[in-house]
Amino acid sequence: MDIEELQTFVEVADAGGVSPAALRLGVSKSIVSRRLFRLEAELGVQLLARTTRGAALTEAGATFRDYAARVCAEIDVAKETILPAGDLRGRLRVAVPLSFGQTHFAPILAEMARRHPQLQIHTCYSDRFVDLITEGYDCAIRVGYLQDSNLIARRVGPLYGKLVASPDYIKAHGSPEAPEELVAHEALMQGTEAWQLMDGDEIITVRPQGRFKADNGPALVAAAAAGLGIAYLPDCLTHEYIASGALVPVMTHYPPPPAAAYVIRPPGQHPARKIRVLTELLIEYCEPPPHLAPAPFR
């Protein structure tokens with residue numbers, strides 16, 4: 001039985017159709033369809049029911065998918081085992097936050113590509129929530145506070161932040177001194193999120209309001225520097241603005257709780273070696289500077 005046919009079937013099953021699976025595999029839809037046809041012909045059963053919306057697993061397909069996924073995972077482990085020490089091949093699909101992924105994580109991924117010339121790295125930079133399993137990503141780099149999920153996370157570095165505003169905003173509206181005063185100020189937010197602040201060892205949750213919202217950090221930094229309100233942002237986005245005086249910290253007696261950067265991967269017994277190598281490289285790069293500012297490779 002052809003391993004490519006098994007891998008293709010698993011991708012179609014997980015992606016929910018031939019077109020998204022072809023995109024994930026980097027091949028044409030006709031190649032995906034031919035592989036599926038050969039696999040079903042060899043097994044003598046229908047694994048997928050084609051619909052106008054994609055492809056749904058038959059009862060036999062749902063049973064076979066789990067076995068096929070385990071076989072593919074074992075083959076991947078076997079391939080990694082016989083590769084020369086340190087050598088990586090294949091493809092790594094990773095989702096990275098847009099806000100500072102391009103400045104803080106892109107150099108790390110570039111370094112990984114330099115060290116492993118046989119490895120293909122495909123990166124998606126977006127601040128939206130990427131569904132790793134449905135969209136076929138090997139892993140993601142996420143920052144902040146993790147939500148509960150069945151995904152597996154590994155911390156790779158600390159992330160500190162603070163509330164900031166421009167001197168002009170403070171001159172016009174004053175500087176809040178206590179969490180309850182924030183509701184009277186314009187907040188610059190990504191959505192309708194709550195802000196968490198530390199009062200000693202106690203975490204206080206505040207739900208601010210504001211008219212300016214953006215889906216990425218740099219846009220919120222720009223809005224804060226323009227005097228539109230108070231923003232809750234990581235230090236790696238604001239430290240240059242604070243150094244220049246364009247922004248100043250506010251509510252310094254109520255700092256946000258420390259967050260972190262993580263590598264997130266789908267559940268499974270053992271992470272692929274390419275994910276382990278990326279994780280180790282991120283730890284090497286991210287741990288020393290406390291705010292994830294770029295640092296030279298050692």
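Residues numbered from 1 in each chain as written. Predicted model: local features only at pLDDT ≥ 70, side-chain atom pairs only at ≥ 80, totals over all residues. Heavy atoms only, no water.

**As for the overall build of the protein**
Phase 1: Secondary structure assignment for the protein yields 10 helices and 14 strands.
Phase 2: For the protein, restricting intrachain contacts to residue pairs at least 6 apart in sequence, the fraction spanning at least 24 positions comes to 72%.
Phase 3: In the form shown here, the protein has an accessible surface area of approximately 15600 Å², with 53% of it arising from carbon and sulfur atoms. (Helix = DSSP H or I, 4+ residues; strand = E, 2+ residues; numbered from the N terminus. Contact = heavy atoms within 4.5 Å. Areas by Shrake-Rupley, 256 points an atom, 1.4 Å probe, with all protein chains shown as cover.)

**A look at the sheet that holds strand 13 (residues 248-250)**
Phase 1: Taken together, the 5 strands give an open sheet; going across it, the order is 11-8-12-7-13, and neighbouring strands pair in mixed fashion. Edge positions in the sheet fall to strand 11 (209-213) and strand 13, since each has one partner strand and no second. The sheet shows a mean angle of 45 degrees between the axes of neighbouring strands, direction not considered.
Phase 2: Pairing of strand 7 (residues 161-165) with strand 12 (residues 230-234), which is carried by 4 bridges, proceeds in the antiparallel orientation. Each residue of the ladder has a partner; that of Lys162, found in strand 12, is Leu233.
Phase 3: Lying over the sheet, helix 9 (residues 235-244) contacts strand 7, strand 12 and strand 13, oriented at roughly 120 degrees with respect to strand 12. (Pairing = 2+ DSSP bridges. Axes fitted to C-alpha atoms, helices over the stretch in contact; angles between N-to-C directions.)

**A short note on the sheet that holds strand 4 (residues 119-125)**
Phase 1: Strands sit in the order 4-3-5-14-6 across an open sheet of 5 strands; the sheet is mixed. One side of each edge strand has no neighbouring strand; the edge strands of this open sheet are strand 4 and strand 6 (152-159). The mean inter-strand angle of the sheet, taken between neighbouring strand axes irrespective of direction, is 20 degrees.
Phase 2: Here 7 bridges tie strand 6 to strand 14 (residues 259-265), and the two strands are oriented antiparallel to one another. Among the inter-strand pairings, Ile152 is bridged to a residue of strand 14, identified as Arg265.

**Observations regarding helix 8 (residues 217-225)**
Phase 1: Among all positions of helix 8, only Gly217, Leu220, Val221, Ala223 and Ala224 are buried. Down the axis of helix 8, the buried set is contained in an arc of 165 degrees. They therefore lie on one face.
Phase 2: Residues of helix 8 that are buried sit in contact with helix 5 (98-115), strand 8 (186-189), strand 11, strand 12 and helix 9.
Phase 3: Two or three places before Ala219, at the start of helix 8, stands the capping residue Asn216, its side-chain oxygen 3.2 Å from that residue's backbone nitrogen.
Phase 4: Gly227, located one to two residues past helix 8, shows a positive phi value of around 85 degrees. (Buried < 20%, exposed > 50% of the residue type's maximum accessible area, 1.4 Å probe, protein only. Arc of directions from axis to C-beta. Polar contact = N/O pair within 3.5 Å; in protein donor to acceptor, adjacent residues only side chain to side chain.)

**A closer look at the packing of aromatic side chains**
Phase 1: Applying the stated criterion to the full structure yields 2 aromatic pairs.
Phase 2: Residues Phe9 and Phe64 carry aromatic rings whose centres are separated by 5.7 Å and whose planes lie at 45 degrees to one another, so their mutual orientation is tilted. Residue Phe9 is located in helix 1 (residues 3-15), and its partner Phe64 is located in helix 4 (residues 59-82); the two are separated by 55 residues in the primary sequence. The same class applies to Phe9 and to Phe64, which are both buried.
Phase 3: Lying across the ring of Phe129, Arg142 places its NZ or CZ 4.3 Å from the centre. (Phe/Tyr/Trp six-rings, centres within 6.5 Å; stacked < 30°, edge-to-face > 60°. Lys NZ or Arg CZ within 6 Å of the ring centre and 35° of its normal.)

**Remarks on the layout of surface pockets**
Phase 1: Looking at the second largest pocket, its volume works out to about 1300 Å³.
Phase 2: Looking at the second largest pocket, it is lined by 44 residues, and the ones nearest its centre are Val143, Gly144, Tyr145, Gln147 and Gln190.
Phase 3: Here the lining of the second largest pocket takes 5 residues from strand 5 (residues 139-144), the largest share from any one element.
Phase 4: Along the lines of polarity and charge, the residues of the lining of the second largest pocket split into 29 nonpolar, 10 polar and 5 charged. (1 Å grid on protein atoms, 1.4 Å probe; cavity = no way out; pocket = protein on both sides within 12 Å on 5 of 7 lines; lining within 4 Å. Points joined across faces, edges and corners; volume = space filled by probe spheres on them. Nonpolar A, V, L, I, M, F, W, Y, C, P; charged D, E, K, R; others polar.)

**Observations regarding the packing of helix 5 against helix 10 (residues 273-286)**
Phase 1: It is the contact of helix 5 with helix 10, at a shortest axis distance of 10 Å, that shows an interaxial angle of 130 degrees. Looking at the two axes, helix 5 sits oblique to helix 10. The handedness of the crossing between helix 5 and helix 10 is right-handed. Contact with helix 5, carried on its side by His104, Phe105, Pro107, Ile108, Leu109, Glu111, Met112 and Arg115, involves Lys274, Val277, Leu278, Leu281, Leu282, Glu284, Tyr285 and Cys286 of helix 10 and no other residues of that element.
Phase 2: Residue composition of the contact of helix 5 with helix 10, by class: 11 nonpolar, 1 polar and 4 charged. (Parallel < 35°, antiparallel > 145°, perpendicular 65-115°, else oblique. Left-handed = near helix turned anticlockwise from the far one by under 90°.)

Worth remembering: the numbers are spatial, not functional.
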